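The chain contents come next:
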Amino acid sequence: MSGHVPSTGAGGDAGLPSEQLPTASGPLTGHGSAEIPPPPRTNRFLAELLRSSWITTVLAVVAAMVVGGILMAATNDEVRTTSGYFFARPADMLTAVWNSVCGGYEALFRGAVFNARGADFATQIRPLTNTLGFAAPLIAAGLGVALAFRVGLFNIGGRGQILIACAFAGLVTFNLDLPMIVQLPLTLVAGILGGAIWGGIVGILKARTGAHEVILTIMLNYVAYYLVTWMVRTPGLLQRPAGDQPISAATPASAQFPELLGPQFPLLDLGFVIVVAATVFVWWLMERSSLGFRLRAVGENPHAARAAGISVPRMYVYAMLFAGGLAGLAGMNQIQGSVTSGFDGLIDAGIGFDAITVALLGRSRPWGVFAAGILFGALKSGSFTMQASRGIPVDIVLVVQALIVLFIAAPPLVRTIFFLPKTDAERAAKDRAKVAKKAVAA
């Protein structure tokens with residue numbers, strides 16, 4: 001008797017030839033792939049949302065806040081004390097860490113957005129008005145940096161443009177005795193014009209000689225600083241009359257921005273409204289105007305723009321004029337709003353360099369820069385309350401700002417940390433790397 005055992009097919013089909021068996025299909029067989037339904041629209045929407053730059057930006061801020069919380073805990077005296085007997089009583093250290101981090105960010109919120117401990121409503125919302133006041137010059141200068149970024153220029157000369165704007169406005173209008181309706185806008189225009197001229201120098205040199213704008217703006221920052229420092233030390237120029245201190249005259253009362261909500265909120269003035277108008281103008285310029293189209297074309301590909309008949313050198317000049325004027329607006333927010341008692345070579349208060357961070361966080365888009373400026377204004381406003389009420393160094397906030405830029409500059413790192421799907425460009429790069437590796441191995 002033969003030992004042959006008839007084959008058994010799927011579903012009990014025994015002894016049938018393979019050609020008479022039903023065809024197998026499905027995702028594991030490689031057959032019938034056309035029958036696989038496409039993924040739901042919801043899945044595609046969520047995948048695109050998670051790959052978007054806005055989600056990456058928000059998560060970059062979250063990651064920076066987490067690291068900032070770790071630094072708060074590491075610098076807290078109670079946390080360090082309880083860490084000495086962590087294995088004996090771990091709950092003590094964990095409680096101290098929780099109190100340190102939560103208390104720090106609660107103080108940040110209380111100093112930047114809403115103070116629930118205030119005696120009245122005006123006191124409770126004053127932190128928000130302070131945030132808006134701090135944010136105004138950051139937004140204006142950030143718009144200047146962002147506009148230059150869109151044209152392919154790296155404008156790090158905000159400091160010099162702010163200084164020259166202040167000096168120009170001081171020389172032109174501080175000695176005038178005019179009604180507010182005339183002197184306030186005249187001072188504002190003079191400052192914007194001064195910043196535009198200083199930025200325009202960079203644009204002209206870039207267009208005519210091909211000199212790199214980074215070198216030009218760095219050097220002009222030094223020129224502006226030492227020039228303004230000399231002017232505030234020289235009688236008859238910017239130095240305060242009948243004084244021997246290196247400081248300018250106070251901003252005339254008729255040139256100062258009036259408070260929007262009264263003297264209870266001194267940091268929120270007309271300058272913030274002007275900055276909002278500037279944001280709308282930059283959005284319209286870059287996204288809706290023909291000049292903005294040419295500027296963006298040069299930023300995307302100057303060779304293609306030149307082939308299309310666009311004057312690339314002229315666009316460089318226009319971009320730096322606008323960038324310098326916006327930095328000048330930031331300077332006017334300083335001397336017409338925040339610092340009206342006189343200025344010197346330090347009037348920029350780091351705004352010129354902080355603007356680079358704001359522009360990067362805002363992805364060089366006007367409303368993104370506006371939101372980033374509000375965030376950094378909140379960090380600055382809340383940092384004082386953190387230090388006063390919790391003893392947390394202001395430097396922690398500066399570290400958080402630097403970490404935000406670090407994570408913004410490395411989107412793949414953020415997506416890896418939070419397990420986000422890779423973008424099409426990242427997947428394509430990974431596939432190319434695999435192909436190249438196989439080619440080398442072969």
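A short tour of the structure in this document, coming up. (Residues numbered from 1 in each chain as written. Predicted model: local features only at pLDDT ≥ 70, side-chain atom pairs only at ≥ 80, totals over all residues. Heavy atoms only, no water.)

**Structural notes on the packing of helix 9 (residues 270-287) against helix 12 (residues 312-338)**
Argument step 1. As a packed pair, helix 9 and helix 12 sit with axes 10 Å apart at the nearest point and diverge in direction by 170°. As judged from the angle between their axes, helix 9 and helix 12 are roughly antiparallel. The residues of helix 12 that touch helix 9, namely those facing G271, F272, I274, V275, A278, F281, V282 and L285, are F322, L326, L329 and N333.
Argument step 2. Residue classes in the contact of helix 9 with helix 12 are distributed as 10 nonpolar, 2 polar and no charged. (Axes fitted to C-alpha atoms, helices over the stretch in contact; angles between N-to-C directions. Helix = DSSP H or I, 4+ residues; strand = E, 2+ residues; numbered from the N terminus. Parallel < 35°, antiparallel > 145°, perpendicular 65-115°, else oblique. Contact = heavy atoms within 4.5 Å. Nonpolar A, V, L, I, M, F, W, Y, C, P; charged D, E, K, R; others polar.)

**So, the packing of aromatic side chains**
Argument step 1. Under the definition given, this model contains 9 aromatic pairs.
Argument step 2. When the ring of F281 is compared with that of W284, the centres are 6.4 Å apart and the planes differ by 35°; the resulting orientation is tilted. Of this pair, F281 and W284 are both found in helix 9, 3 residues apart, which corresponds to roughly one turn of the helix.
Argument step 3. A relative accessible area of 39% means that F281 is categorised as partly exposed.
Argument step 4. Taken together, the aromatic side chains of F272, W367 and F370 make up a single cluster linked through ring pairs.
Argument step 5. For the cation-ring pair, K206 lies above Y316, with the distance from its terminal atom to the ring centre recorded as 5.6 Å. (Phe/Tyr/Trp six-rings, centres within 6.5 Å; stacked < 30°, edge-to-face > 60°. Buried < 20%, exposed > 50% of the residue type's maximum accessible area, 1.4 Å probe, protein only. Lys NZ or Arg CZ within 6 Å of the ring centre and 35° of its normal.)

**A short note on the nonpolar core**
Argument step 1. Judged by nonpolar contacts, the single largest core of 85 residues is most densely connected at L147, V298, I335 and F343.
Argument step 2. Dropping the residues within four chain positions of it, L147 is found in contact with V282, L285, M286, A319, F322 and L326.
Argument step 3. Residues L108, I392, I396 and V397 belong to the second largest nonpolar core, which totals 8 residues. (Core = buried A, V, L, I, M, F, W, Y, C linked by side-chain atoms within 4.5 Å.)

**So, the pattern of salt bridges**
Argument step 1. Here the structure, examined in full by the defined rule, presents 7 salt bridges.
Argument step 2. Between R80 and D77 there is a salt bridge; the shortest N-O distance is 2.5 Å. Of this pair, R80 and D77 both sit in helix 3 (residues 77-83), 3 residues apart, which is roughly one turn of that helix.
Argument step 3. On the accessibility criterion, D77 (52% relative accessible area) is exposed.
Argument step 4. For E213, the salt bridge goes to K206, with nearest N and O atoms at 3.1 Å. (Salt bridge = Lys/Arg side-chain N within 4 Å of Asp/Glu carboxyl O.)

**Some words on a positive patch on the surface**
Argument step 1. A cluster of basic side chains, namely K422, K430, K434 and K438, defines a positive patch on the protein surface.
Argument step 2. As for its position among the elements, K438 is in helix 17 (residues 424-441). (Patch = residues over 30% accessible without salt bridge, like charges linked within 9 Å, V, L, I, M, F, W, Y side chains within 5 Å. Areas by Shrake-Rupley, 256 points an atom, 1.4 Å probe, with all protein chains shown as cover. Lys, Arg positive; Asp, Glu negative; His and termini not counted. Charge placed at Lys NZ, Arg CZ, Asp CG, Glu CD.)

**Here's the deal with unusual backbone geometry**
Argument step 1. Look at A349: it is not a glycine, yet its phi comes out positive at around 55°.
Argument step 2. Phi is positive for S364, which is not a glycine, with a value near 60°.
Argument step 3. Relative to the helices and strands, S364 resides in the loop between helix 13 (351-361) and helix 14 (366-390).

**Looking at the environment of Q336**
Argument step 1. Mapped onto the fold, Q336 is located in helix 12.
Argument step 2. Note on Q336: relative accessible area 0%, which makes it buried.
Argument step 3. Taking the C-alpha atoms as reference points, Q336 and P258, 78 residues apart in sequence, are found 9.0 Å from one another.
Argument step 4. If near-sequence neighbours (up to four positions away) are discounted, Q336 is found in contact with L184, T187, L188, A255, Q256 and F257.
Argument step 5. Among the polar contacts listed, one links the side chain of Q336 to the backbone oxygen of A255, at a separation of 2.6 Å. (Polar contact = N/O pair within 3.5 Å; in protein donor to acceptor, adjacent residues only side chain to side chain.)

So far we have only geometry, and geometry alone does not tell us how the molecule works.
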